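Architecture and fold: a report
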Amino acid sequence: QVQLVESGGGLVQAGGSLRLSCAASGRLFISYAMGWFRQAPGKEREFVAAISGSGGTTYYADSVKGRFTISRANAQNTVYLQMNSLLHEDTAVYYCVADFTIRREGDYRYWGQGTQVTVSS
């Protein structure tokens, strides 16, 4: 089994920046593809960004492209989401995910507990 723990969420003003972290532990047989989803109250869960196990491939939702950057430090089994130029619409609970393959769909095997990001305006 794999456990994912997110951190770095909080309250930030529109236009500001925030950096989320996700630490993976447990049965880490490979360098898993990892990513981020988010869900706001009353809204559907949506894909945000993902990175392949090697770090060579990244996917972004159109809504965050150019503002968010996903990266990883495999030696630490950690993935980051640098969020710049934050908008009120970015307010949501952000979930870290992991699986064998990178994709944009929401059926990743492992999920973290989520961390709240609130952008004031």
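Residues numbered from 1 in each chain as written. Predicted model: local features only at pLDDT ≥ 70, side-chain atom pairs only at ≥ 80, totals over all residues. Heavy atoms only, no water.

**Let's talk about the overall build of the protein chain**
- The number of helices and strands found in the protein chain is zero helices and 11 strands.
- Secondary structure elements of the protein chain occur, N-terminal to C-terminal, as β-β-β-β-β-β-β-β-β-β-β.
- Over its C-alpha atoms the protein chain spans a radius of gyration of 13 Å, differing by no more than 12% from the 14 Å that the globule rule assigns to 121 residues.
- On the principal axes, the C-alpha backbone points of the protein chain span a range of 45 × 25 × 25 Å.
- Sorting the 121 residues of the protein chain into buried and exposed places 45% on the buried side.
- Intrachain contacts of the protein chain at a sequence separation of at least 6 include 56% that bridge at least 24 residues.
- Summing over all exposed atoms, the protein chain offers an accessible surface of approximately 6200 Å²; the carbon and sulfur share of this is 48%. (Helix = DSSP H or I, 4+ residues; strand = E, 2+ residues; numbered from the N terminus. Rg over C-alpha atoms; globule rule 2.2 N^0.38 Å. Buried < 20%, exposed > 50% of the residue type's maximum accessible area, 1.4 Å probe, protein only. Contact = heavy atoms within 4.5 Å. Areas by Shrake-Rupley, 256 points an atom, 1.4 Å probe, with all protein chains shown as cover.)

**Brief notes about the sheet that holds strand S8 (residues 78–83)**
- With respect to topology, four strands assemble into an open sheet ordered S1-S3-S8-S7, the strand pairing being antiparallel. Of all strands in the sheet, those with a lone pairing partner are strand S1 (2–7) and strand S7 (68–73), marking the two edges. Averaged over all pairs of adjacent strands, the angle between their axes in this sheet comes to 15 degrees, without regard to strand direction.
- Pairing of S1 with strand S3 (residues 18–26) involves six bridges; the strand directions are antiparallel. Looking at S3, one finds that Glu6 is bridged to Cys22. (Pairing = 2+ DSSP bridges. Axes fitted to C-alpha atoms, helices over the stretch in contact; angles between N-to-C directions.)

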